[in-house]
Amino acid sequence: MNIRTILFDLDGTLIDTNELIIQSFLHTLETYYPGKYRREDVLPFIGPPLYDTFAALDAARVEEMIATYRAFNHRQHDALIKEYETVYETIAVLHQHDLQLGVVTTKMNATALMGLKRTKLDPFFRCVVGLDDVQNAKPHPEPILKALELLGSVPEETLMVGDNYHDILAGKQAGTKTAGVAWAIKGREYLEKYEPDFMLEKMSDLLAIVGVE
């Protein structure tokens, strides 16, 4: 297998933003629905675009709720994000071996860059495709195809890595290989239902898959 391009989801894959996202949802929901939502209630909201989540709750106030979420998220961003084991080292090695690396996320582009810069991963990625760069979010293949266009890559030589079903389905629909991450907050078994080609126990497992160990 000749993998020359690797695309990564951001939240829950490259960067541990789970606590930041959960706290942002809890803050927003407590603002609009006091006492109604608990921590376990917001786990299904992780992954889809904010608009989809909040529109399902209250279409009339969706933009207001998104603004509340983002204001809290940006204030708490640097304090609440963490790094996953072996991510930085692995990405650095892949970059050294001239693999094409990109990020495909349902975050807005500028917010995604905040996380990459905070974790010092930003120099390694040749493209970042955010929610505001496309018409259709994952699991639609558009964001992946957009990244491949920017990188001059083809699906047959690409691996999409992510922690949610949106990532796996988007990769399959775009024609790439796919990899799930066992550290996904929704659990390994949840991801395995979508039949990714690989399951990573830690990010450094990628090195053997692409043959750069």
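Residues numbered from 1 in each chain as written. Predicted model: local features only at pLDDT ≥ 70, side-chain atom pairs only at ≥ 80, totals over all residues. Heavy atoms only, no water.

Engineer: Go over the pairing of strand 7 (residues 177-181), please, and point to the residues and values.
Structural biologist: By the criterion of burial, strand 7 is predominantly enclosed, with four of the five residues buried. Taken together, the four bridges between strand 6 (residues 158-162) and strand 7 define a ladder with parallel strand orientation. Bridging across to strand 7, Met160 finds its partner in Thr178. The β-α-β motif built from strand 6, the intervening helix 8 (residues 165-174) and the parallel element strand 7 has right-handed crossover chirality. Here strand 7 runs beside strand 8 (residues 198-200); their pairing, made up of three bridges, is parallel. Bridge pairing links Val181 to Leu200 in strand 8. (Buried < 20%, exposed > 50% of the residue type's maximum accessible area, 1.4 Å probe, protein only. Helix = DSSP H or I, 4+ residues; strand = E, 2+ residues; numbered from the N terminus. Pairing = 2+ DSSP bridges. Right-handed = clockwise from strand over helix to strand, strands pointing away.)

Engineer: Account for the sheet that holds strand 5 (residues 127-129), naming residues and giving values.
Structural biologist: In spatial order, the strands read 5-4-1-6-7-8; together these six strands make up an open sheet with parallel pairing. Looking at the sheet topology across the chains shown, the edges are occupied by strand 5 and strand 8. Each strand axis lies, on average, 25° off the axis of its neighbour in the sheet, ignoring direction. Judged from the four bridges that link them, strand 1 (residues 5-8) and strand 4 (residues 100-104) form a sheet pairing that is parallel. Bridged to Phe8 within strand 4 is Val103. Where helix 7 (residues 142-151) meets the sheet, it contacts strand 1, strand 4, strand 5 and strand 6, and its direction lies at approximately 160° from that of strand 5. (Axes fitted to C-alpha atoms, helices over the stretch in contact; angles between N-to-C directions. Contact = heavy atoms within 4.5 Å.)

Function cannot be read off these values alone, since they describe shape.
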